[in-house]
Amino acid sequence: MKLSYSPFQLQLKHRFTIAKFSRTATPIMLLQLEHEGYIGYGEASMVPYLGESLETATAFLSKLDISQLQYPFNYPGIIAYLDSLAKGNTAIKAAIDIALHDLESKLLHKPCYELIGSDPLLMPSTSITIGMDEPAVVLQKVKEAAQASVIKVKLGSPDDKQLIETLRAATTVPLYVDANQGWTDRQQSLELVYWLQEQGVQLIEQPFNKTDPDSNAWLTQRSPIPIIADEAVQRLGDVEPANGVYHGINIKLMKSAGMYEAGQMIAKARELGLKILIGCMSETSCATLAAAALAPQCDWADLDGPFLTSNNPFKMPDFADGKWVLSKVPGLGLAPV
Ligand code: MG
């Protein structure tokens, strides 16, 4: 097995603003694992507010003993090994795990969705996110998101209603809302939820701070729209505590340390009766297709990375009727541009 990696700056089409942060590019580590003439591709997307960087990723990889990644891959053992090298660092762990899945499906001559037991016919629609902005920019973004059959909008400012009204003047597609922990008043939030329901909103992500399960649970008990944990849930151990606080969870590969643990989280959520949204960071086709391979096992998908970025180093995957189309070729279906 041979490992190689290279840093990359993934440019965003628009400055991206959520409740607490704003940026125009995301540092990415692209990774390749080569075995018996096949190459598995992996990607770590390191959005700055989660604490990883090109420096931490490089430091992590310098500790990696490649002989621990023996084929056939023992994923629970590999994740335990990666966790033993350093806490956190979930994006670079995900890059390794994604590359292993791409590589393994190539070695077995199967599409990755088959390797992990997903039925492509169950692929959910993918929402495309529109960040907070002035009305004219929001309308431009709606035009750019014309392929989407669902739009996700980031709320958490005093102009929330105005943003939704601007959107509603331009499109009738269903909406997902992400408050990114920005709401603070329970009663006001509940009133807003009922108003959002009238506006065709179908789910709400992380209304209150992740450290305030009581307020999140209070809203979940009263909300006619599913309330989904995002910031509150990162890895497998966070799924059980979300039960009773949220209707469902948002799984992202960059938080879960990759596809293997995301699969474990899906199984745990199903056991508990929690709904599942699969989401992404600013990502290339690589991590997006890895999440898309798992998406048929989830209720909703928010895998819009390649739509929001301008220098994807991989070919844009096929997208039809608002959904990613999984390739039947062995692996994740990635092709460098
Ligand atoms: Mg979110």
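Residues numbered from 1 in each chain as written. Predicted model: local features only at pLDDT ≥ 70, side-chain atom pairs only at ≥ 80, totals over all residues. Heavy atoms only, no water.

## Quick word on the pairing of strand 3 (residues 38-45)
Argument step 1. Among the 8 residues in strand 3, 6 count as buried, and that is most of the element.
Argument step 2. With 8 bridges connecting them, strand 2 (residues 22-35) and strand 3 associate as antiparallel partners. The residue bridging His 35 from the neighbouring strand is Tyr 38, located in strand 3.
Argument step 3. Between strand 2 and the antiparallel strand that follows it, strand 3, lie 2 residues; Glu 36 among them carries a positive phi value of about 50°. (Buried < 20%, exposed > 50% of the residue type's maximum accessible area, 1.4 Å probe, protein only. Helix = DSSP H or I, 4+ residues; strand = E, 2+ residues; numbered from the N terminus. Pairing = 2+ DSSP bridges.)

## Examining the layout of surface pockets
Argument step 1. Quantified by volume, the second largest pocket comes out at close to 280 Å³.
Argument step 2. Forming the walls of the second largest pocket are 14 residues, and the residues nearest its centre are Asp 160, Trp 183, Gln 188, Ser 189 and Leu 192.
Argument step 3. Those elements giving two or more residues to the lining of the second largest pocket turn out to be helix 6 (160-170) and helix 7 (186-198).
Argument step 4. The element best represented in the lining of the second largest pocket is helix 7, accounting for 5 residues.
Argument step 5. When its residues are assigned to classes, the lining of the second largest pocket shows 4 nonpolar, 6 polar and 4 charged. (1 Å grid on protein atoms, 1.4 Å probe; cavity = no way out; pocket = protein on both sides within 12 Å on 5 of 7 lines; lining within 4 Å. Points joined across faces, edges and corners; volume = space filled by probe spheres on them. Nonpolar A, V, L, I, M, F, W, Y, C, P; charged D, E, K, R; others polar.)

## A closer look at helix 1 (residues 54-63)
Argument step 1. For helix 1, the set of buried residues is Leu 54, Ala 57, Phe 60 and Leu 61. The buried residues of helix 1 occupy an angular sector of 125° when the element is viewed end-on, so they sit on one face. For helix 1, exposure combined with an orientation more than 90 degrees from the buried face picks out Glu 55 and Ser 62. (Arc of directions from axis to C-beta.)

## A word on the state of the cysteines
Argument step 1. In this structure the tally under the stated criterion is 0 disulfides.
Argument step 2. Cysteine Cys 112 shares no disulfide, and the gap to the nearest cysteine sulfur, in Cys 286, comes to 10 Å.
Argument step 3. For Cys 112, a relative accessible area of 1% gives the class buried.
Argument step 4. Taking relative accessible area as the criterion, Cys 286 reaches 0% and is therefore assigned buried. (Disulfide = S-S within 2.5 Å.)

## Quick notes on the domain arrangement of the chain
Argument step 1. Partitioning the chain into domains gives domain 1 (2-113) and domain 2 (118-324).
Argument step 2. Relative placement of domain 1 and domain 2: their C-alpha centres are 22 Å apart.
Argument step 3. At the interface, 37 residues of domain 1 touch 38 residues of domain 2.
Argument step 4. Together, the buried faces of domain 1 and domain 2 total about 3,200 Å²; carbon and sulfur atoms form 65% of this surface.
Argument step 5. Its largest share of buried area at the contact with domain 2, domain 1 owes to Lys 13, His 14 and Tyr 113, together 18% of the area lost on that side. (Domains from an automatic or database assignment. Contact = heavy atoms within 4.5 Å. Buried area = accessible area lost by both parts, 1.4 Å probe.)

## Overview of the pattern of salt bridges
Argument step 1. Applying the stated criterion across every chain, the model contains 14 salt bridges.
Argument step 2. Lys 268 is the salt-bridge partner of Glu 240, the closest N and O atoms lying 3.4 Å from each other. Taken together, the positions of Glu 240 in helix 9 (residues 239-242) and Lys 268 in helix 11 (residues 259-272) put the pair 28 residues apart, joining distant regions of the chain.
Argument step 3. One salt-bridge network, in which partners are shared between bridges, spans Lys 152, Lys 154, Asp 178, Glu 205 and Asp 302. (Salt bridge = Lys/Arg side-chain N within 4 Å of Asp/Glu carboxyl O.)

## Quick notes on the packing of helix 7 against helix 8 (residues 213-222)
The geometry of a pair of packed helices is captured by two quantities: the angle between their axes and the separation between those axes.
Argument step 1. It is the contact of helix 7 with helix 8, at a shortest axis distance of 10 Å, that shows an interaxial angle of 35°. The handedness of the crossing between helix 7 and helix 8 comes out as right-handed. Mapping the contact onto sequence places Arg 186, Gln 187, Ser 189, Leu 190, Val 193 and Tyr 194 in helix 7 and Asp 214, Ser 215, Trp 218, Leu 219 and Arg 222 in helix 8.
Argument step 2. Looking at the contact of helix 7 with helix 8 residue by residue, the classes come out as 5 nonpolar, 3 polar and 3 charged. (Axes fitted to C-alpha atoms, helices over the stretch in contact; angles between N-to-C directions. Left-handed = near helix turned anticlockwise from the far one by under 90°.)

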